[in-house]
There are 2 protein chains.
Amino acid sequence: MKLPRDSAHADVSPTLFFSPPIRSDDASRELVSTTLEPEGVGPEATTPSVFFVGAGPGDPDLLTVRALKLLGGADVVLYDALVSDDVLGLIKRGAKRIAVGKRAGAPCIAQSDINRMLVRLARPGRRLIRLKGGDPLIFARLGEEIAALEAAGVPFEIIPGVTAASAAAAAAGISLTTRGQARRVQFATAHARAGEELALDWRSLADDKATTVFYMAREAAALIAGRLMAHGLGARTPVLLMSDVSRPTQMRLRACLCELQPAVDRFPPGVPLIIIVGDATAAASIAAHPHSEARAAIRG
Amino acid sequence: MKLPRDSAHADVSPTLFFSPPIRSDDASRELVSTTLEPEGVGPEATTPSVFFVGAGPGDPDLLTVRALKLLGGADVVLYDALVSDDVLGLIKRGAKRIAVGKRAGAPCIAQSDINRMLVRLARPGRRLIRLKGGDPLIFARLGEEIAALEAAGVPFEIIPGVTAASAAAAAAGISLTTRGQARRVQFATAHARAGEELALDWRSLADDKATTVFYMAREAAALIAGRLMAHGLGARTPVLLMSDVSRPTQMRLRACLCELQPAVDRFPPGVPLIIIVGDATAAASIAAHPHSEARAAIRG
């Protein structure tokens, strides 16, 4: 279990090596590590009440084994709109399911409401699962939900998942990195708060030696293309677009950066898009991939 | 199955929307997508001969379900040094196992030899698995092995995995992104070719609005800290260091950027280190995490 956070790390003492950033409360000083020992022997374990679980891109076979086990033993599951029906089908029968996704059809649920629900529903001995599409560590607003639990003293555990970028590259038969060419891979969310401009470090994103992935990129596609080219990325830079990665409805297109918006327009309205920019995508296959058929062959 | 790649995308015709980058061979033009349809109906599937499988960070529960199934049905497995013994234990009994890791104790195996082995060992009907630590899409030199298979006409499939950065953040109870604060997460490898200087875009990496993860960062730690500070990142920027993520031997430390090298020196020699830089790490717990105990409670 984690202690409440604060952000007073600017006050850290220069004489304290290896210390965590200094916190205002004395208790937190106990966290200073004086010896570095494997964590397997740690005696302070607390049974979590909330499990943040990555649902992966959609194919239940891309769940982690741990996620699968947890879903099979769930008491209550709060899930996002991006979680696939196939994954939802693995939740224990009789478990209470609560859709909290912005696109779930129900009236929009505010993040603050989700935070409160988690705290209210958490109970020792109850397996409360917060199920998030993809990887909960990446663009899943995990931090806000963690902060609410910490403030309420509710212990939690996080189970990482396969993020959409990796699943997209895998399905297209390419790597996100290339030795000597793309030594950096970066993920950005193209989703801005309502009424705000998309404030991204375009200079860093427009790097022809990196692979750059934009999540939730549909609305901002024209802006992305324009800004990247304005910051020096070539108009012919190859781009891979994918929707419904790893699902039977998966679609993909290749385009050049200067054709990004018309490429986006060819996807059905509403499907979430992932856009991967960079030379690493040049080799992506847009022919049908053996993924699903191969799976059928290897099963059983 | 993918067609052989080339890099002649600079010649792409501006009149061809949604086309893949133009290739020198005519056959590749057939890849141009004229209609965008769900891929589940694709008729051109080929049964793969080689499966690139992500082994995840080490805990077998962080394997994907698909990886677990494939290991249980393997005929031949070529595996890296970073794959944990617990994961290797899931390989089908009787399968041929070949260690090709640089740290496998055996004489160093060159990448070109691994490429050749894959082509030589691949056979229709044989389940040849190339098992890579973490996520094969990220810093796993997947592209070079794919290129060799494509050149030989060997069909393959890629199964993504949980990458060390996500597993590290999950174990430390933090998110890699923070709404309004870390809108970008970037992964870089700090491993340079022998005799070469580490050529990274330090200006992009030194962004206090991003979370920056360095893989294989042990040797270059002092260089990383120096360059990031020289490019404007504050000396007090919080850093999280972790080794053996998700394994019983997992260790972690928090430090500030200016203390990175002495922090690295506290880890045992030889263990691979991941270094996460940025304000998102400020809240990381370095107390024992309930991970393993909680697992015991939820099992069975």
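In this convention, every chain numbers its residues from 1, walking through the sequence in written order. Throughout, the order in which chains and ligands are written sets their labels, letters from A for the former and numbers from 1 for the latter. Reporting in this predicted model follows two pLDDT cut-offs: at least 70 for local features of residues, and 80 or more for side-chain atom pairs to be given and counted; totals over whole chains, interfaces and linings ignore these cut-offs and use all residues. For the side-chain quantities, the full set of heavy atoms in the structure was used; hydrogens and water were omitted.

Novice: Help me out: how do you make sense of helix α7 (residues 221-230) of chain B in this one?
Specialist: Residues and elements named next belong to chain B. Buried means the residue's accessible area, taken with a 1.4 Å probe over protein chains only, is under 20% of the maximum for its type, while exposed means over 50%, and partly exposed covers the values in between. A run of H or I in DSSP becomes a helix once it reaches four residues, and a run of E becomes a strand once it reaches two; helices and strands are each numbered from the N terminus. Looking only at α7, the buried set comprises Ala221, Ile224, Ala225 and Leu228. Taken end-on, α7 shows its buried residues confined to a sector of 95°, consistent with a single buried face. Contact partners of the buried residues in α7: α6 (202-205), β7 (210-215), α8 (260-265) and β10 (273-277). Glycine 232 occupies a position one or two residues after α7 and carries a positive phi of about 110°. This arc is built from the directions going out from the helix axis to the C-beta atoms. For this analysis, residues touch if any pair of their heavy atoms sits within 4.5 Å.

Novice: Please clarify how the side chain of lysine 132 of chain B should be interpreted in this entry.
Specialist: By secondary structure assignment, the location of lysine 132 of chain B is in strand β4 (residues 128-132). What lysine 132 of chain B contacts, discounting residues up to four positions off in sequence, is Phe52, Val53, Gly54, Ala55, Gly56, Asp80, Val83, Ala140, Arg141, Leu142 and Glu145 of chain B.

Novice: I'm lost on the pattern of salt bridges in this one. Help?
Specialist: Pairing between side chains becomes possible if they bear opposite charge and their charged atoms approach one another. Each reported salt bridge corresponds to a side-chain nitrogen of Lys or Arg within 4 Å of a carboxyl oxygen of Asp or Glu. Enumeration according to the criterion identifies 24 salt bridges over all chains in this entry. Lysine 132 of chain A is the salt-bridge partner of glutamate 145 of chain A, the closest N and O atoms lying 3.1 Å from each other. Here glutamate 145 of chain A is found in helix α4 (residues 142-152), whereas its partner lysine 132 of chain A is found in strand β4 (residues 128-132), with 13 residues between them in sequence. With respect to burial, glutamate 145 of chain A and lysine 132 of chain A carry one shared label: buried. The residue glutamate 145 of chain B makes a salt bridge to arginine 130 of chain B at a minimum N-O spacing of 2.9 Å. Note that glutamate 145 of chain B is positioned in helix α4 (residues 142-152) and arginine 130 of chain B in strand β4, a separation of 15 residues in sequence.

Novice: For this particular structure, what's the right way to read the packing of helix α3 (residues 111-121) of chain B against α4 of chain B?
Specialist: Describing two packed helices takes the angle between their axes plus the distance from one axis to the other. Residue and element names in this part refer to chain B. Contact pair α3 / α4: the axes reach a minimum separation of 9 Å and the direction vectors enclose 40°. If you check the angle between α3 and α4, you find them oblique. Handedness of the α3/α4 crossing: right-handed. Note on element contacts: α4 touches α3 through Glu144, Glu145, Ala148, Leu149 and Ala152, opposite Gln111, Ile114, Asn115, Leu118 and Val119. Here the nonpolar group is Ala, Val, Leu, Ile, Met, Phe, Trp, Tyr, Cys and Pro; Asp, Glu, Lys and Arg are the charged ones; every other residue, Gly included, is treated as polar. Considering only residue class, the contact of α3 with α4 consists of six nonpolar, two polar and two charged. Inter-axis angles, ranging from 0 to 180 degrees, are taken between N-to-C directions of lines fitted to C-alpha atoms, where helices are fitted over the stretch in contact. Orientation categories follow fixed angle ranges, with anything under 35 degrees roughly parallel, anything over 145 roughly antiparallel, 65 to 115 roughly perpendicular, and all other angles oblique. Handedness of a crossing is defined here by the sense of rotation of the near helix relative to the far one, left-handed for an anticlockwise turn of less than a right angle and right-handed for a clockwise turn.

Novice: Sorry if this is basic, but what is going on with the environment of glycine 134 of chain A here?
Specialist: Residues and elements named next belong to chain A. Here glycine 134 shows up in the loop between β4 and α4. Overall, glycine 134 belongs to the buried group, its relative accessible area being 11%. For the pair glycine 134 and glycine 54, spaced 80 residues apart in the sequence, the C-alpha separation amounts to 5.5 Å.

Novice: Quick question: what am I supposed to make of the environment of valine 154 of chain B here?
Specialist: Residues and elements named next belong to chain B. Its place among the elements puts valine 154 in the loop between α4 and β5 (156-159). For valine 154, a relative accessible area of 11% gives the class buried. Between the alpha carbons of valine 154 and proline 48 there is a distance of 7.6 Å; along the sequence they are 106 residues apart.

Novice: When you look at the nonpolar core in this model, what are you seeing that I'm missing?
Specialist: In this description, a nonpolar core means a group of buried Ala, Val, Leu, Ile, Met, Phe, Trp, Tyr and Cys residues linked to one another through side-chain atoms lying within 4.5 Å. Formed by 126 residues in total, the largest nonpolar core has its most connected members in Leu131 and Phe187 of chain A together with Leu131 and Phe187 of chain B. For phenylalanine 187 of chain B, the residues in contact, after removing those within four places along its chain, are Arg183, Arg184, Val185 and Phe187 of chain A together with Ile138, Phe139, Thr163, Ala165, Val213 and Tyr215 of chain B. Judged by nonpolar contacts, the second largest core, of 30 residues, contains Ala190, Phe214, Ile275 and Val277 of chain A.

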